[in-house]
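One-letter residues, chain by chain:
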Amino acid sequence: MKKVLLIAFLVLITMNLKAQTPEENKLQNKITQLISQLTIEEKVALCSGRDDWSTMPIERLDIPWIWLSDGPHGLRRAPETNKAGYGDQLPATCFPTASALAASWDLDLIYKVGQTLGEESQALGVNVLLGPGVNIKRSVLGGRNFEYFSEDPILSGEMGAAFINGVQSKGVGTSLKHFAANNVETMRMYNSSNMDNRTLNELYLTPFEIAVKKAQPWTVMACYNRVQGVYGTQNPYLLIEKLKNEWGFKGIVVSDWFAVINRVEAMKAGMHIEMPKVSGVNNAIAVEAVNNGSLNIEVVDNLVREILTVVFKAKSLEDRTTKLNIEKDHAFARKVASEVATLLKNDGQVLPINNQKYKKVAIIGEFAMNPRYQGNGSSQVKPTKLDNVLDIIKQEYGKDIEISYAQGYNLADDNDMSLIEQAKEVASKADVVLIFAGLPLQYESEGIDRTHINMPPSHNTLINEISAVQKNTVVVLTNGSAVTMPWINNVSSVLETWLGGQAGAGGIADVLFGKVNPSGKLAETFPMQLEDTPAFFNFPGEQGDVLYGERFFVGYRYYDEKKIEPLFPFGFGLSYTNFEYSNLKLSSKNTTDKEGLTASLTIKNTGKVKGKEIVQLYVSDKESTLQRPEKELKKFVKVELNPGEEKTVTFKLESRDFSYFDGKRNMWIAESGEYVISAAASSRDIRVSETINLQSTQVVPLAFDEYTFFLEYWNNKQTREIVLEYMPNWIRGIVTEGDEAEIREYQGFMVEHPLIKYPYITSGEITHEQVMEIVEKCKNLTYTP
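Given the structure is predicted, the values throughout are model-derived calculations rather than measurements.

Basis of the calculations
Residues numbered from 1 in each chain as written. Predicted model: local features only at pLDDT ≥ 70, side-chain atom pairs only at ≥ 80, totals over all residues. Heavy atoms only, no water. Helix = DSSP H or I, 4+ residues; strand = E, 2+ residues; numbered from the N terminus. Buried < 20%, exposed > 50% of the residue type's maximum accessible area, 1.4 Å probe, protein only. Contact = heavy atoms within 4.5 Å. Areas by Shrake-Rupley, 256 points an atom, 1.4 Å probe, with all protein chains shown as cover. Axes fitted to C-alpha atoms, helices over the stretch in contact; angles between N-to-C directions. Parallel < 35°, antiparallel > 145°, perpendicular 65-115°, else oblique. Left-handed = near helix turned anticlockwise from the far one by under 90°. Nonpolar A, V, L, I, M, F, W, Y, C, P; charged D, E, K, R; others polar. Pairing = 2+ DSSP bridges. Expected span 1.5 Å × (residues − 1). Polar contact = N/O pair within 3.5 Å; in protein donor to acceptor, adjacent residues only side chain to side chain. Salt bridge = Lys/Arg side-chain N within 4 Å of Asp/Glu carboxyl O. Lys, Arg positive; Asp, Glu negative; His and termini not counted. Phe/Tyr/Trp six-rings, centres within 6.5 Å; stacked < 30°, edge-to-face > 60°. Lys NZ or Arg CZ within 6 Å of the ring centre and 35° of its normal. Arc of directions from axis to C-beta. Core = buried A, V, L, I, M, F, W, Y, C linked by side-chain atoms within 4.5 Å.

Chemist: Got a minute to help me understand the overall build of the protein chain in this structure?
Modeler: Looking only at helices and strands, the protein chain features 23 helices and 27 strands. Taken over the C-alpha atoms alone, the protein chain extends approximately 95 × 75 × 50 Å along its principal axes. Expressed as a percentage of its 785 residues, the buried residues of the protein chain come to 62%. Relative to all contacts within the protein chain whose residues are 6 or more apart in sequence, the contacts with residues 24 or more apart total 76%. By element, 50% of the accessible surface of the protein chain is carried by carbon and sulfur atoms, the whole surface being about 29,900 Å².

Chemist: What am I meant to see in the environment of proline 217 here?
Modeler: Tracing the backbone shows proline 217 in the loop between helix H7 (197–215) and strand E5 (219–222). In this structure proline 217 touches Ile164, Gln168, Thr174, Leu176, Ala211, Val212, Phe249 and Gly251, once residues within four positions along its chain are discounted.

Chemist: Whenever I open this one, the packing of helix H19 (residues 717–726) against helix H23 (residues 768–778) confuses me. Can you help?
Modeler: If you want to describe how two helices pack, look at the angle between their axes and the distance between the axes. Between H19 and H23, whose axes approach to 11 Å, the crossing angle comes to 160°. Here H23 runs roughly antiparallel to H19, going by the angle between their axes. Viewed along their axes, H19 and H23 form a crossing whose handedness is right-handed. Seen from H19, the contacting residues are Thr719, Ile722, Val723, Glu725 and Tyr726; seen from H23, they are Gln770, Glu773, Ile774, Lys777 and Cys778. In terms of residue class, the contact of H19 with H23 is built from five nonpolar, two polar and three charged.

Chemist: How should the pairing of strand E8 (residues 252–255) be read in this particular structure?
Modeler: Of the two faces of E8, the one carrying Ile252 and Val254 and the one carrying Val253 and Ser255 are both buried. Judged from the four bridges that link them, E5 and E8 form a sheet pairing that is parallel. Pairing of methionine 221 across the sheet is with valine 254, part of E8.

Chemist: Can you walk me through the sheet that holds strand E16 (residues 579–586) in this structure?
Modeler: Note: strands within a sheet are paired through backbone hydrogen bonds, in either parallel or antiparallel orientation. Across the sheet, which stays open at both edges, the three strands sit in the order E16-E18-E21 with antiparallel pairing between neighbours. The open sheet has two edge strands, E16 and strand E21 (646–653), and neither has a second partner. Between one strand axis and the next, the sheet turns through 20° on average, direction left out of account. Summarising the sheet, E16 and strand E18 (residues 597–605) pair through six bridges and their orientation is antiparallel. Bridge assignment links tyrosine 581 to a residue of E18, and that residue is isoleucine 603.

Chemist: What's the story with helix H6 (residues 153–168) in this structure? I'm lost.
Modeler: Each α-helix winds once per 3.6 residues, and so residues spaced three or four apart point in a common direction. Between its first and last C-alpha, H6 extends 22 Å over 16 residues, near the 22 Å set by a 1.5 Å rise per residue. Capping the start of H6 is the job of one residue whose side-chain oxygen sits 2.9 Å from the backbone nitrogen of isoleucine 154: aspartate 152.

Chemist: Which parts of the structure should I look at to understand the environment of leucine 34?
Modeler: Looking at the element boundaries, leucine 34 is found in helix H2 (residues 22–37). As for leucine 34 and aspartate 62, which are separated by 28 residues in sequence, their C-alpha atoms are 9.5 Å apart. Setting aside its immediate chain neighbours within four residues, leucine 34 contacts Leu61, Ile63, Leu308 and Phe312.

Chemist: Please explain the pattern of salt bridges as it appears in this structure.
Modeler: It is possible for side chains bearing opposite charge to pair when their charged atoms get close. As enumerated under the stated definition, the model contains 53 salt bridges in all. Here lysine 638 ties to glutamate 339 by a salt bridge, and the two come within 3.5 Å at their closest N and O atoms. Residue lysine 638 is located in strand E20 (residues 632–641), and its partner glutamate 339 is located in helix H12 (residues 326–340); the two are separated by 299 residues in the primary sequence. Glutamate 339 carries the same exposure label as lysine 638, and that label is buried. Linking arginine 665 and aspartate 662 is a salt bridge whose minimum nitrogen-to-oxygen distance equals 3.0 Å. Salt bridges here are not isolated pairs; linked through shared partners, they connect Arg144, Glu147, Lys177, Glu185, Arg188 and Glu446.

Chemist: Help me understand the sheet that holds strand E19 (residues 611–621), please; the structure alone is not making it clear to me.
Modeler: What the five strands build is an open sheet, ordered E17-E25-E24-E19-E20; its pairing is mixed. Either end of the sheet is taken by a strand with one partner, and the two such strands are strand E17 (590–592) and E20. The mean inter-strand angle of the sheet, taken between neighbouring strand axes irrespective of direction, is 30°. Sheet topology places strand E24 (residues 673–682) next to strand E25 (residues 685–695); nine bridges connect them, and they run antiparallel. In the sheet register, alanine 680 faces E25, and the bridge partner there is isoleucine 686.

Chemist: Hey, could you run me through the side chain of aspartate 416 in this one?
Modeler: Secondary-structure assignment places aspartate 416 in the loop between strand E11 (402–406) and helix H14 (420–428). No salt bridge forms around the buried aspartate 416; measuring N to O, its nearest opposite-charge neighbour lysine 424 is 14 Å away. Here the side chain of aspartate 416 touches serine 418 through a polar contact of 2.6 Å, side chain to side chain. If sequence neighbours within four positions are ignored, aspartate 416 has contacts with Asn410 and Ser458.

Chemist: Sorry if this is basic, but what is going on with the packing of H14 against helix H15 (residues 457–469) here?
Modeler: Contact geometry of H14 with H15 gives a least axis separation of 9 Å together with a crossing angle of 35°. In this structure, H14 meets H15 at a crossing whose hand is right-handed. Of H15, the residues touching H14 (which contributes Ile420, Ala423, Lys424, Ala427 and Ser428) are Ser458, Thr461, Leu462, Glu465, Ile466 and Val469. Looking at the contact of H14 with H15, its residues break down into six nonpolar, three polar and two charged.

Chemist: Would you take a moment to explain unusual backbone geometry for this structure?
Modeler: Leave glycine aside and you will find that most residues have negative phi; peptide bonds, for their part, are mostly trans. With an omega of 5°, the peptide bond running from glycine 71 to proline 72 counts as cis. Note the cis peptide between lysine 177 and histidine 178, where omega equals -10°. With a phi angle near 50°, tryptophan 105 is a residue other than glycine that sits in the positive phi range. Relative to the helices and strands, tryptophan 105 is located in the loop between helix H4 (98–104) and helix H5 (107–123). We classify tryptophan 105 as buried; its relative accessible area is 1%. Phi is positive for glutamine 216, which is not a glycine, with a value near 45°. Looking at where glutamine 216 falls in the secondary structure, it is placed in the loop between H7 and E5. The class of glutamine 216 is partly exposed, set by a relative accessible area of 23%.

Chemist: I'm lost on the packing of aromatic side chains in this one. Help?
Modeler: The geometry of an aromatic ring pair is captured by the separation of the ring centres together with the interplanar angle, meaning the angle of the planes. The tally for this structure, following the rule as stated, stands at 24 aromatic pairs. When the ring centre of tryptophan 668 is taken as origin, the NZ or CZ atom of arginine 656, which lies over that ring, is 3.5 Å away.

Chemist: Before we go on, may I ask you to explain the side chain of asparagine 605 in this structure?
Modeler: Mapped onto the secondary structure, asparagine 605 falls in strand E18. The class for asparagine 605 is buried, based on a relative accessible area of 0%. There is a polar contact of 2.6 Å between the side chain of asparagine 605 and the side chain of threonine 577. Those residues in contact with asparagine 605 that sit more than four places away from it in its chain are Thr577, Asn578, Phe579, Lys610, Gly611, Leu641, Asn642, Pro643, Gly644 and Glu645.

Chemist: Could you clarify how one ought to interpret H2 in this entry?
Modeler: Here H2 contains 16 residues, and its C-alpha end-to-end distance of 23 Å stays within 8% of the 22 Å for a straight helix at 1.5 Å per residue. Buried within H2 we find Gln28, Ile31, Leu34 and Ile35. Considered in projection along H2, the buried side chains sweep an arc of 120° and stay on one side of the axis. Of the exposed residues in H2, the ones pointing more than 90 degrees away from its buried face are Pro22, Lys26, Asn29, Gln33 and Ser36. Among the structural elements, helix H3 (40–46) and helix H11 (297–316) are those in contact with the buried residues of H2.

Chemist: For this particular structure, what's the right way to read the nonpolar core?
Modeler: A general feature of soluble globular proteins is that nonpolar side chains tend to end up buried together. Core analysis: the biggest nonpolar cluster contains 191 residues, and Phe179, Phe436, Met485, Trp487 and Leu512 have the highest contact counts within it. At 10 residues, H11 tops the list of elements feeding residues into this core.

The structure is reproduced here in structure tokens:
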């Protein structure tokens, strides 16, 4: 097995060196010469960091180092590469976190965010930004959910690709993370994400696949956790078979910080750089492995080649003339925050606020003055500026409106109810109340999973008490992932603003006062209660094992299958206007997997203000050999429309959009049959649908083996004749007479056994050797699904 992996690794390297430009050939020739001059110790050293944030240089050969910096929604650039950078990091623009960015469903916007982060990286001397994170939000309890995009693999992957392309367009690399199935923080250094191969490929690898194929990040970050029992840093299935061989990844793999368990096995599995520099111990172990022959020097050379390719590329694209543009980037961060704001409820059109409707506005909640704008952990950015919504509203929207304020709760004490009475008094005198509530910083953090999805008791009590004295109560939520809302029926409006970054206050105010029409939609399902969630029984795992028992029924797939009504469904979000869907047209009602399908429909703004609608396209397989979700998101687009304007949006569906992953055959299969194509405003709001018939042209291995049931051999025309050849007497006794011989009803039990049992079931008519002969004869048989 090890020899096979080595051959595959070396063949892949050779393939990657082909079809290069003259400049690339020149660089590779230079690298070849450098490799020949490096000692074993230097080669191994290059496969480790120099310190906290830089790669290893070799000064005698003029091999430079490059700077890596935490992200992903802003730079956490340490003052020096050998300092951790917690608290003393350099200021940079803090954008909304990934959970917020995903709510925009706007790939162009995410690309521009990436570009801005690339520019700031150049200004601060950073070569590689460590992000984005595209792990699936398997559970609402995931402590790092604020740093990930979605529960859906397509949305996560597309967001990740747009982000990467934006950053790298500015000559700065990215690090796609955390590869793979890093969905729990509890015991993350050891926990094993245990799932079947179908679930792994369909749900947890797909976002990485999309991002790699569409954006080619310079680096991929291997995870802390184990996947199917093997650490991500030394997992050849992930790092070689999937990432390199299947997806064509051309960059390098870096470890998450302090993630490496076995340096030698990691290098064999295709991990290039251990980060950070931990000590000389692991380097010494790797050098000894080369010297004793247990680590092939060719593997090391090829790792070094790919490392140097990225290092020299990064150095060649450095632009130290770029400067931070604090005001411009802050203004853009405000725009982004307004685009991600998600209106969840707006009874009676209480929002937007204007001085024709309301003369007195009460602002309640400490978050209005002391905003929570990002998550907790390694992604913490020191902002260049920080707005608060109370000041923004007073300065920009308070000219003709009387603004009052009450603290309402104490962020230092979740159970302090002493401020509620004063808040009620302030609220009762206003025409409308804006309550800023949500999750304090300590509720969501890297390294710690949540144990519940409730807001602090003081926040919930405040909302209930205010809504009892004020009919026009608007709740403005600040949180990185889903929360319960026990007060939902008592308030008029709910605006989800996520963790909106340093300029989030301005974006929120713009939406509340109607300067911006909210257009965000949920990238994750909000459940009624924790007990309704897919991973409720299997999160966070126990004794180092996490059973993914819900399989691919994560998020909306689970709620659909279980017929559970969520608090707010995936893809949901309101607007200050309305949209009409019509005229769904398909390029054909009968197509093949090779031809694919084009779907187009008309979206019309039927309201009175300009707005943006997110159109979601779902595909449903009406009948499948294997279990499938009721529907799956495959495409989406965000379209802006003036009042009365209509536009046609078009989607192209390909074979993969109709396919499931067959874990036994290790391939994607698009079966023949009927599929429903649905355009929707959310996963629970299907507007128009059409049914098509797909004819598969795939040639699929039959994949029968000694553990395939006899009944399957009998029911297949190709294999029936083969088994008849080997055990005619026994078969004659269990089937009816005639040309259309069928298994007698009372013999059902005897045919539902693996073929390997039939030497004794047939009383010796067939031997074990003959069973394997049958398997061999069937090995190359195929079928069209």
